[in-house]
Every structure is written in C-alpha cells, then in structure tokens.
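Residue strings, one per chain:
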Amino acid sequence: MGLTIGVDIGGTKIAAGVVDEEGTILEISKVPTPSTAEGVIDAIAEAVRTVSTGHEIEAVGIGAAGYVDDKRATVLFAPNINWRSEALKDKVEQRVHLPVVVENDANAAAWGEYRFGAGQGHDDVVCITLGTGLGGGIIIGGKLHRGRFGVAAEFGHVRVVPDGLLCGCGSQGCWEQYASGRALVRYARQRAAATPDSAEILLGLGDGTPAGIEGRHISQAARQGCPVAVDSFRELARWAGAGLADLASLFDPSAFIVGGGVSDEGDLVLEPIRKSFRRWLVGGQWRPHAQVLAAQLGGRAGLVGAADLARQG
C-alpha cells in the first residue's frame, strides 16, 4: 500500500497528514477543533479532503483520545469530546469515501515511535506519554497489543496510591496524578509556597505567586538551576521511574520510550527517571535492564502512527 493519511485530533486543532511508507509526512493540513461532537467529524473530513488533493490515498487512520473498540471503528468513550459509542469509522468513511481505521491516540503514537522513531530495532516496547495526563502503548513481538476489548495500556489510571489523590476519572491514586504535566505543576506550586526563597527564579517567571506557576515556567527555571524547579522534575521522575519498574515486571520489554511534552526536557527528566527505574526494578541486580529512551518523533508520532496503522489494515 502506498500513501495513507493520519489524523491527530487535538484540543485546539485537528491535523491531517499524507504519510509515505517510510513515515515521512509529505503534506499536512490543520483545521480548528470545533466545539461539538458532530462538528469534529465534519472537521476531520474537511482536513482529509484538503490534504488528499493531488495524492493517491489508500486509507485513513485516526488517532482519538479515549476508548476505541476492538474493531477499531467505534469510540466507546472520549474524555474531551462528547463521543459515547460514536461510530467514527462509518461516519468519516461516508464523508471521505476511503477506508478508515480508528485507534487510540496513545497507541498510535506508540506505534509511530516503534516503526519510525526510538523503537526501531526493538520488538518488545512499552511507551508512556508524559503530557497533561499519562498515556501509553504496548508493542509485543512487533504487534500492537490492544487487549481483548481494545482498551489496554491505560497506564495513567493504574492506582499507585490506595486512597490517594482524586483523579479526573473518578478514582483515587492514579499514576497520572503523580507523573504528568499536571503533577509537575502541583509539585512546583507546593514547593514554592513552602520555600519561596528557593523558588525566586521560578516565581519571577510567573506573576510572583505559587498559583501563577505554569509548566513552561518550571522548564525555564530548571534550566536556570532553580532548586524548586529541579526538585519538582525529580519528584515527577521518581514516580515515573517506579511505575516503569512495575511495567517491566508485567511486560519485560527491551525498551521503554518516554514521550509527551514533559519528556521534551531531555536528560533533566530522563536521567532521574532512569535512576528511579533502576532503584525500584525488582531483582534488578540479577536481570537485564530495559533501555529508557527519549521519544524521537515529538508531536508527529500520533499522526504518523495512525497513518501507518491504516496502511497495515
């Protein structure tokens, strides 16, 4: 199969890109994300039609946040769009007259990294995305593991602290409450409030108050050596690495790939994650250690992965 289109549904924009067999994006189109569920479907179709002009397109892959059924056709539940048992595949196919595959967005990103990014050369890979929340994807024996019902790898909602912090999913103590962009901001605000003298750089980048601290401020302050900012990254990394150690006991991959906006800080966060992973890996002195790698594709991973999954059929 030749060219396919990958679609990435974001909170503010929908991106559709023509992708070749090498994972190269040949052309891309972006449209604003509408506020209504039906409007999002129309916008997906518009972006696909726009970007497909002048190309022979074989199929379309859509990466959607939420639960996607085992037939890769229906979005059972989407957290940010009012989709409940939404027949997304059928509705988009009717509009664009091309075969459509629907996949969870974190699965699509994991597949993109496995095929064209940091996962190349590995057959058994576990990916986590440290963004606003925490997502994941599993590749075992060169195949995407989706589970019997299509909703595997929801790592962010594994409970790591019994009766811990309340999560947006309704549970308590979920991993993403301790290892995510939101968690990083919470750590920084708490530490800045407790020790403002150690947070002068960080506070100066915002409005001067702990409540005014945002993720970008923490990154900037950490690069300038702010103790509170650096310590906040270390706390997030401690939880992330400990979680990877648990996943190693479950899946025994040869590599973990860490993506998402938080991972953009490179070794500032990755080295502490690796240290925590080694610390908490059960029997670590007696067993081989998986590599902990930085994702390579950045924001392109989901789009490229969705397009390639459509190519796989």
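These figures come from a predicted structure and were not determined experimentally.

Student: Please give an account of the pattern of salt bridges that cites residues and values.
Tutor: Following the criterion strictly, the structure yields 17 salt bridges and no others. A salt bridge links Arg95 to Asp42, with the shortest nitrogen-to-oxygen separation between them at 2.9 Å. Note that Arg95 is positioned in helix α2 (residues 88–96) and Asp42 in helix α1 (residues 37–52), a separation of 53 residues in sequence. The class of Arg95 is partly exposed, set by a relative accessible area of 23%. Via salt bridges that share partners, Glu38, Asp42, Glu86, Lys91 and Arg95 belong to a single interconnected network.

Student: Now, about the sheet that holds strand β3 (residues 25–32): what can you tell me, with residues and values included?
Tutor: One open sheet accounts for five strands, arranged β3-β2-β1-β4-β8; its pairing is mixed. Of all strands in the sheet, those bounded by a partner on one side alone are β3 and β8 (100–104). Neighbour-to-neighbour, the strand axes of this sheet turn through a mean angle of 20°, independent of strand direction. Of the strand pairs in this sheet, strand β1 (residues 3–9) and strand β4 (residues 57–64) are connected by six bridges, and their pairing is parallel. Each bridged residue has a counterpart across the sheet, and for Gly6 the counterpart in β4 is Gly61. Where α1 meets the sheet, it contacts β1, β2 (13–19), β3 and β4, and its direction lies at approximately 145° from that of β3. Of the strands in this sheet, β4 and β8 touch α2, which is tilted by about 140° from β8.

Student: I'd like to hear about the domain arrangement of the protein, residue by residue, with values.
Tutor: Partitioning the protein into domains gives domain 1 (3–111 + 300–312) and domain 2 (121–295). If you average the C-alpha positions of domain 1 and of domain 2, the two centres end up 27 Å apart. Contacts between the two partners involve 13 residues from domain 1 and, on the opposite side, 15 residues from domain 2. Both faces considered, domain 1 and domain 2 share a buried interface measuring about 1,100 Å² in area, 56% of it formed by carbon and sulfur atoms. Linking domain 1 with domain 2 are two salt bridges.

Student: I'd like to hear about the pairing of β3, residue by residue, with values.
Tutor: Judged from the seven bridges that link them, β2 and β3 form a sheet pairing that is antiparallel. Paired with Val18 across the bridge in β3 is Glu27. Where β2 folds back onto β3 in an antiparallel hairpin, the turn is made up of five residues, including Gly23, whose phi is positive at roughly 80°.

Student: For the environment of Gly259, give the residues involved together with the corresponding values.
Tutor: Residue placement: Gly259 occurs in strand β12 (residues 255–259). On the basis of relative accessibility, which here comes to 5%, the residue Gly259 falls in the buried class. Spatially, the C-alpha atoms of Gly259 and Ala64 are 17 Å apart, while their sequence positions differ by 195 residues. With residues up to four places along the chain from it excluded, the contact list for Gly259 reads Ile128, Thr129, Leu130 and Ala295.

Student: Describe the nonpolar core, listing the residues and the values that go with them.
Tutor: Leu130 and Leu244 are the most contacted members of the largest nonpolar core, which totals 45 residues. Elements with a minimum of two residues in this core: β9 (125–130), β10 (134–140), α4 (181–194), α5 (200–205), α6 (215–223), α7 (227–251), β12 and α8 (267–280). Looking at which element gives the most residues to this core, the answer is α7, with 11 residues. Apart from residues no more than four positions distant in its own chain, Leu130 is found in contact with Ala179, Leu236, Ala240, Val258, Gly259, Gly260, Gly261, Val262, Ser263 and Ile273. Within the second largest apolar cluster, 32 residues are counted, among which are Ile9, Ala16, Ala64 and Val96.

Student: Which residues make up the environment of Gly150, and what values go with them?
Tutor: Turning to its location among the elements, Gly150 is positioned in the loop between β11 (143–144) and α4. Among the residues examined, Gly150 registers a relative accessible area of 3% and is labelled buried. Separated by 93 residues in the primary sequence, Gly150 and Ile57 have C-alpha atoms spaced 26 Å apart. Excluding its chain neighbours within four sequence positions, the residues that come into contact with Gly150 are Val68, Asp69 and Asp70.

Student: Would you mind going over α4 in detail, with residue names and values included?
Tutor: Every α-helical turn comprises 3.6 residues, leaving residues that sit three or four positions apart pointing alike. Counted at 1.5 Å a residue, the expected span for α4 with its 14 residues is 20 Å, and the 20 Å between its end C-alpha atoms agrees. Every buried residue of α4 is accounted for by Gly181, Ala183, Leu184, Val185, Tyr187, Ala188 and Ala192. Considering only its buried residues, α4 is in contact with α5, α6 and α7.

Student: Kindly report on the pairing of β2, identifying the contributing residues and their values.
Tutor: Both faces of the sheet carry side chains from a regular strand, because those side chains alternate between them. Counting buried residues in β2 gives six out of seven residues, a clear majority hidden from the surface. Pairing between β1 and β2: six bridges, direction antiparallel. Each bridged residue has a counterpart across the sheet, and for Ile9 the counterpart in β2 is Ile14. Between the antiparallel neighbours β1 and β2 lie three residues.

The rules behind each value
- Residues numbered from 1 in each chain as written.
- Predicted model: local features only at pLDDT ≥ 70, side-chain atom pairs only at ≥ 80, totals over all residues.
- Heavy atoms only, no water.
- Salt bridge = Lys/Arg side-chain N within 4 Å of Asp/Glu carboxyl O.
- Helix = DSSP H or I, 4+ residues; strand = E, 2+ residues; numbered from the N terminus.
- Buried < 20%, exposed > 50% of the residue type's maximum accessible area, 1.4 Å probe, protein only.
- Pairing = 2+ DSSP bridges.
- Axes fitted to C-alpha atoms, helices over the stretch in contact; angles between N-to-C directions.
- Contact = heavy atoms within 4.5 Å.
- Domains from an automatic or database assignment.
- Buried area = accessible area lost by both parts, 1.4 Å probe.
- Core = buried A, V, L, I, M, F, W, Y, C linked by side-chain atoms within 4.5 Å.
- Expected span 1.5 Å × (residues − 1).

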